[in-house]
Amino acid sequence: MTEILGIDLGTTNSAVAIWRDGKPQIIPDTDGYILTPSVVALDPANGQVVVGRRAYAIAAENPHSTIYSIKRFMGRRFLEDVVQEDLQKCRILYEVEESKRRRGGIEVAVGDKHLTPQEVSAKILQKLKADAEAFLGHEVTQAVITVPAYFHDSQRQATRDAGRLAGLEVKRVLSEPTAACLAFGYKKLTQARQKIAVYDLGGGTFDISILEVGRGPFRVRATNGNTHLGGDDLDQLIVKWILDEIGGEKKSQLQEDLIALAHLRVAAEQAKIDLSSEDEVRVQIAQSLSPASTVRNLDLTLTRAQLQAMAEVLITQTLAPCRQALQDARLPVDDIQEVLLVGGQTRMPAIRKAVEDFFGKEPNVTVNPEEVVAQGAAVQAAMLAGIATGLKLADVVPLTLGVNSKGRMDTIIPRNTPVPVVKTKIYSTAYENQESVEVQIYQGERLLVADNVKLGGFILGGIEPAPAGEPEIEVAFRVDPDGILHVSAKDLRTGNFKEITITDSMRLTEAEIKDMLREAEECAAEDAAMRQQAEMEEQIEQLVKRLKRLLAEKKGMLPEEMVTVICEALEVTSPADWQEHVVLLENLWQQGSDVLSSWEKGQSV
Ligand code: AMP
């Protein structure tokens, strides 16, 4: 039987699970730990590249050659704003530069080795694979790997590449909140359908998903989040607090001292974790913070209340996406029957309390928040291997997908449609003997394509000469189970076909998606007015066409004064008052049709 690993390749920690005895089981590493820090470093003792716990342990001694949060750079280009923002905001102490091997790509330095984010992630995956093989006692070559819900195509592709480099065939790339819900949902199969919110706050990312689970297929009704929000931010606030406590000249020295800062980060995280179960902790560092530092014997006290005050902004920032996801799922908060917590940071009592207050119910913490994503990946793996049956699930399209139709967005797949999905629409030519059509693909909620984001486009040629509007071009949008968009156009008469895969689709960051949604909301009235006008224009265009045809084909059968009125009406090319003009044209069309039908009746008598 083929065994497929379920892997949570996390920003901070990773975990691996397998389906055993009818349920997912976490595989511990050779030292018995269930989490593997997603860290790769050069061991100064022997010059070897080390991964996981060992790399994490030597991080502070070795800040320039310790790679963490590599997931932030997966599938990104060096000059992207988010990358530059990360470099400044995320305290990246290792060298990140534009790749010499792949133009525009990213490389990080581990000693004198330069690795791409895929290569670094591959080292983490290799370790997980080796640990799993040691545990199972045989080789495993296939895996399901999870990614944040907002990962765009190139990030998902980079994850696949990392798997391949690690000797794994990646059977599926699965969104983390969906995986989490799957781990939770398999237990719920026997119960009636429920609406569930999954609140996932890890070290570096936040996701909220609203799902419908139970009997039958799972349905993800909405997802939202922030790919730059997590426990790391809180660690950094604690480091800032420590520096402020030290103050003065020493604080300025420490701010420049990377080794000292790395030590402080470790101490800050530990204090934060301890404060989940203690009311106050002592932040103590007995030895010197670094060879250069004059700060010795650090001993400070941090209380849970102080930490809670620091966490307020972080907590508030997670609630706005929760509100948006509920709105997108068109559900009042009371309809949510269960709230599931995922990610190590949700162990913090203040976060549990905030989630409880927001949703008005105590969150479900029956599945370990750090294991749940890997467990879900193992459930999906078992489904793919044909072991766990009766479960189906779907992700959703985060923003509306459509094509440019005369400058306007013509929707093909509305936002929040579950994936995989295929939708088709028939288009035609705009003028006589048109030889080709251009398909321009857009993403966004606004009426005018100029206000949305262009994902790509192509031209389908070879259309046989025909009057305008006669050829039938079928445009198909397919979003595959990995969330990747494929667009094709087919000339139904000739069978001529062209397809492209949008490698940049969903490339927007969560913040950008949020901005676009906010903008769409703000411009809703303006767009609605424009839409109404556009519909009227379309109506006028159709009526003008019909009346012109009527005059061309049946002029002799119409009273002369009617012909004159129609001709006058048709001459108005840009009427000031659209509404009135539509009414006039409609009346004329009606009168013309009445005359014709009584004439035809007279003929047949
Ligand atoms: P994850 O990405 O799910 O592995 O979560 C990692 C984040 O969870 C890190 O920021 C950890 O510091 C944080 N974390 C882990 N355990 C706890 C805890 N008991 N209390 C608060 N935060 C925690």
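Residues numbered from 1 in each chain as written. Predicted model: local features only at pLDDT ≥ 70, side-chain atom pairs only at ≥ 80, totals over all residues. Heavy atoms only, no water.

A. Examining the sheet that holds strand β15 (residues 219–226) more closely. Judged by pairing direction, the sheet is mixed, and its 4 strands sit side by side in the order β15-β14-β13-β18 without closing on themselves. Of all strands in the sheet, those bounded by a partner on one side alone are β15 and β18 (338–342). Pairwise comparison of adjacent strand axes, ignoring direction, gives a mean angle of 15° for this sheet. The pairing of strand β13 (residues 194–201) with strand β14 (residues 206–213) spans 8 bridges and is classified as antiparallel. Across the sheet, residue Asp 200 finds its bridge partner in β14, namely Asp 207. Along the sheet, helix α9 (residues 304–328) contacts β13, β14 and β15; its crossing angle with β14, the most-contacted strand, is approximately 30°. (Pairing = 2+ DSSP bridges. Helix = DSSP H or I, 4+ residues; strand = E, 2+ residues; numbered from the N terminus. Axes fitted to C-alpha atoms, helices over the stretch in contact; angles between N-to-C directions. Contact = heavy atoms within 4.5 Å.)

B. Inspection of the domain arrangement of the protein chain at higher detail. Assigned domains within the protein chain: domain 1 (5–230 + 311–395), domain 2 (231–310), domain 3 (397–522) and domain 4 (531–604). Here the C-alpha centroids of domain 2 and domain 3 sit 51 Å apart. (Domains from an automatic or database assignment.)

C. Local environment of the site of the ligand. Inspection of the region around the ligand gives 15 residues, with Gly 203, Glu 269, Lys 272, Ser 276 and Gly 344 positioned closest. The side chain of Asn 13 places a nitrogen or oxygen atom 3.1 Å from an oxygen atom of the ligand. In the environment of the ligand, an oxygen atom lies 2.7 Å from a nitrogen or oxygen atom belonging to the side chain of Lys 272. Burial of the ligand by the surrounding chains reaches 88%, relative to a free accessible area of 500 Å². Of all the secondary structure elements, the ones that give two or more residues to the shell around the ligand are α6 (231–246) and α8 (258–274). A per-element tally of the shell around the ligand places α8 first, with 3 residues. In terms of residue class, the shell around the ligand is made up of 1 nonpolar, 9 polar and 5 charged. Split by domain, the residues of the shell around the ligand number at least three in each of domain 1 (5–230 + 311–395) and domain 2 (231–310). (Near = heavy atom within 4 Å. Polar contact = N/O pair within 3.5 Å; in protein donor to acceptor, adjacent residues only side chain to side chain. Areas by Shrake-Rupley, 256 points an atom, 1.4 Å probe, with all protein chains shown as cover. Nonpolar A, V, L, I, M, F, W, Y, C, P; charged D, E, K, R; others polar.)

D. Highlighting the pattern of salt bridges. On inspection of all chains with the given rule, the structure shows 25 salt bridges. With its nearest N and O atoms 2.6 Å apart, the salt bridge here joins Arg 282 to Asp 299. You can see Arg 282 sitting in strand β16 (residues 280–285) and its partner Asp 299 sitting in strand β17 (residues 298–303), a full 17 residues away along the chain. Arg 282 sits in the exposed class, given a relative accessible area of 53%. Each of Arg 101, Glu 107 and Glu 119 takes part in salt bridges that share partners, so that together they form one network. (Salt bridge = Lys/Arg side-chain N within 4 Å of Asp/Glu carboxyl O. Buried < 20%, exposed > 50% of the residue type's maximum accessible area, 1.4 Å probe, protein only.)

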